[in-house]
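What follows is each chain in one-letter form.
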Amino acid sequence: MVVMTCYDLHCHSTASDGSLSPAALVARALDNEVDVLALTDHDGTEGIVAAQQAVQGSDMTLIAGVEISVTWNGATIHIIGLNVDIENQNLQQGLATLRSYRSTRAVEIAKRLEKSGITGAYDGARKYASEVMLGRVHFAKFLVEQGHAKSINDVFKRYLVRNKPGYVPGDWATLADAVTWITEAGGQAVIAHPARYKLTATKLGRLITDFKNAGGVGMEVVSGRQHPEEIKTLARLANKFELMASCGSDFHTPDNNWIELGRLQPMPEICTPIWQNWTQ
Ligand code: AMP
Ligand code: MN
Ligand code: MN
Ligand code: MN
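Residues numbered from 1 in each chain as written. Chains lettered and ligands numbered in written order. Predicted model: local features only at pLDDT ≥ 70, side-chain atom pairs only at ≥ 80, totals over all residues. Heavy atoms only, no water.

**Concerning the coordination of the manganese ion (ligand 2)**
The coordination sphere of the manganese ion (ligand 2) contains the protein donors Asp-17 (OD), Asp-17 (OD), His-42 (NE2) and His-252 (NE2), at a distance range of 2.2 to 2.6 Å. Going along the chain, you hit the donors of the manganese ion (ligand 2) in the pattern D-x24-H-x209-H. Residue classification places Asp-17 among the buried positions, given a relative accessible area of 10%. (Donors = N, O, S within 2.8 Å, 3.2 Å for Na, K, Ca; no water. Buried < 20%, exposed > 50% of the residue type's maximum accessible area, 1.4 Å probe, protein only.)

**As for the coordination of the manganese ion (ligand 3)**
Distances from the manganese ion (ligand 3) to its protein donors, namely Glu-67 (OE), His-78 (ND1) and His-193 (NE2), fall within the range 2.1 to 2.2 Å. Sequence spacing of the donor residues for the manganese ion (ligand 3), all on one chain, is E-x10-H-x114-H. For Glu-67, a relative accessible area of 0% gives the class buried.

**Here's the deal with the side chain of Ser-246**
Position of Ser-246 relative to the elements: it lies in strand 7 (residues 244–248). Using a relative accessible area of 2% as the deciding quantity, one classes Ser-246 as buried. (Helix = DSSP H or I, 4+ residues; strand = E, 2+ residues; numbered from the N terminus.)

**Observations concerning the side chain of Thr-253**
Within the element layout of this structure, Thr-253 appears in the segment after strand 7. Note on Thr-253: relative accessible area 17%, which makes it buried. In this structure the side chain of Thr-253 is engaged in a polar contact, spanning 3.0 Å, whose partner is the side chain of Ser-19. (Polar contact = N/O pair within 3.5 Å; in protein donor to acceptor, adjacent residues only side chain to side chain.)

**A word on the sheet that holds strand 6 (residues 218–223)**
Strand order in this open sheet of seven strands is 1-2-3-4-5-6-7, and the pairing throughout is mixed. The open sheet has two edge strands, strand 1 (7–8) and strand 7, and neither has a second partner. (Pairing = 2+ DSSP bridges.)

**A few points about the site of ligand 1**
Neighbouring residues of ligand 1: Asp-17, His-42, Arg-102, Arg-105, Gly-135, Arg-136, Val-137, Ile-152, Asn-153, Phe-156 and His-252. A distance of 2.7 Å separates an oxygen atom of ligand 1 from a polar atom in the side chain of Arg-136. Within the contact set of ligand 1, an oxygen atom lies 2.9 Å away from a side-chain nitrogen or oxygen of His-252. Protein burial of ligand 1: of its 500 Å² of free accessible surface, 75% is covered by the chains. Among the elements of the structure, helix 3 (89–115), helix 5 (136–145) and helix 6 (152–160) are those that each provide at least two residues to the shell around ligand 1. In terms of residue count, the dominant contributor to the shell around ligand 1 is helix 6 (three residues). Looking at the shell around ligand 1 residue by residue, the classes come out as three nonpolar, four polar and four charged. (Near = heavy atom within 4 Å. Areas by Shrake-Rupley, 256 points an atom, 1.4 Å probe, with all protein chains shown as cover. Nonpolar A, V, L, I, M, F, W, Y, C, P; charged D, E, K, R; others polar.)

**Section: the layout of surface pockets**
Volume-wise, the second largest pocket comes out at about 350 Å³. Lining the second largest pocket are 15 residues, with Met-4, Thr-5, Pro-266, Met-267 and Trp-275 positioned closest to its centre. Residues of the lining of the second largest pocket, tallied by class, amount to 11 nonpolar, three polar and one charged. (1 Å grid on protein atoms, 1.4 Å probe; cavity = no way out; pocket = protein on both sides within 12 Å on 5 of 7 lines; lining within 4 Å. Points joined across faces, edges and corners; volume = space filled by probe spheres on them.)

Pasting the structure below:
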């Protein structure tokens with residue numbers, strides 16, 4: 001019998017906008033028989049040490065990861081770093097800049113919400129966030145708490161996306177900077193959920209070309225909750241551009257019944273998996 005190794009290389013903890021602590025996340029991944037888990041919090045690696053401690057004594061491998069916010073041609077793109085050295089200074093400096101931008105943006109989001117009659121959003125969002133990272137999900141939790149919307153998804157649609165009252169256009173890292181921080185920290189740069197940006201085929205091709213020119217080596221082919229056709233399309237795209245393929249659930253919370261740690265469709269056989277040269 002062939003025993004398949006279960007890889008989940010994209011998920012979030014309370015160190016960004018996930019709702020489980022790193023230790024609780026690791027426990028859940030173990031319950032779900034994940035063999036190799038990458039913790040990839042947005043714009044920070046603060047959860048990694050606790051996650052590494054939590055896997056001690058188990059058979060699971062924890063990969064130090066991060067999901068970096070990038071602005072490319074006016075669009076927000078997420079770049080995953082896998083196997084990064086979290087002590088790398090350039091990486092940490094870059095991430096610190098992004099988190100400081102997050103604070104500035106949060107003040108701006110609160111100001112805009114205030115104009116539409118919603119007060120106290122900054123402090124309200126802060127309550128839901130860790131010390132290190134403030135994101136739109138934390139605002140969404142506050143808005144649900146205050147009865148402005150019935151779900152997180154609903155808040156995003158009504159308040160936090162383009163043309164809505166609390167929207168602030170992103171001003172994140174450049175693509176080249178993000179890929180360089182990851183690569184110089186010994187990591188592999190991977191384009192997160194490429195289908196979610198709703199780019200035309202031409203633009204996606206340009207993104208991938210710029211990404212490769214900067215030193216990027218992989219893209220996610222398999223994500224949580226995805227149409228099988230999309231996986232096939234992404235697998236072909238990865239091969240066309242000679243990128244390795246990654247897979248990750250993008251798990252944030254047990255409240256989302258559609259996305260679970262380690263519950264992913266299989267990687268198409270035509271793909272070269274990003275873990276092909278990993279030694280663990
Ligand atoms: P931020 O990086 O602070 O702008 O927030 C982006 C995060 O918001 C994503 O990583 C998701 O966790 C979350 N998010 C984005 N769109 C939605 C949505 N429609 N419903 C729920 N969560 C969302
Ligand atoms: Mn998120
Ligand atoms: Mn993302
Ligand atoms: Mn993510």
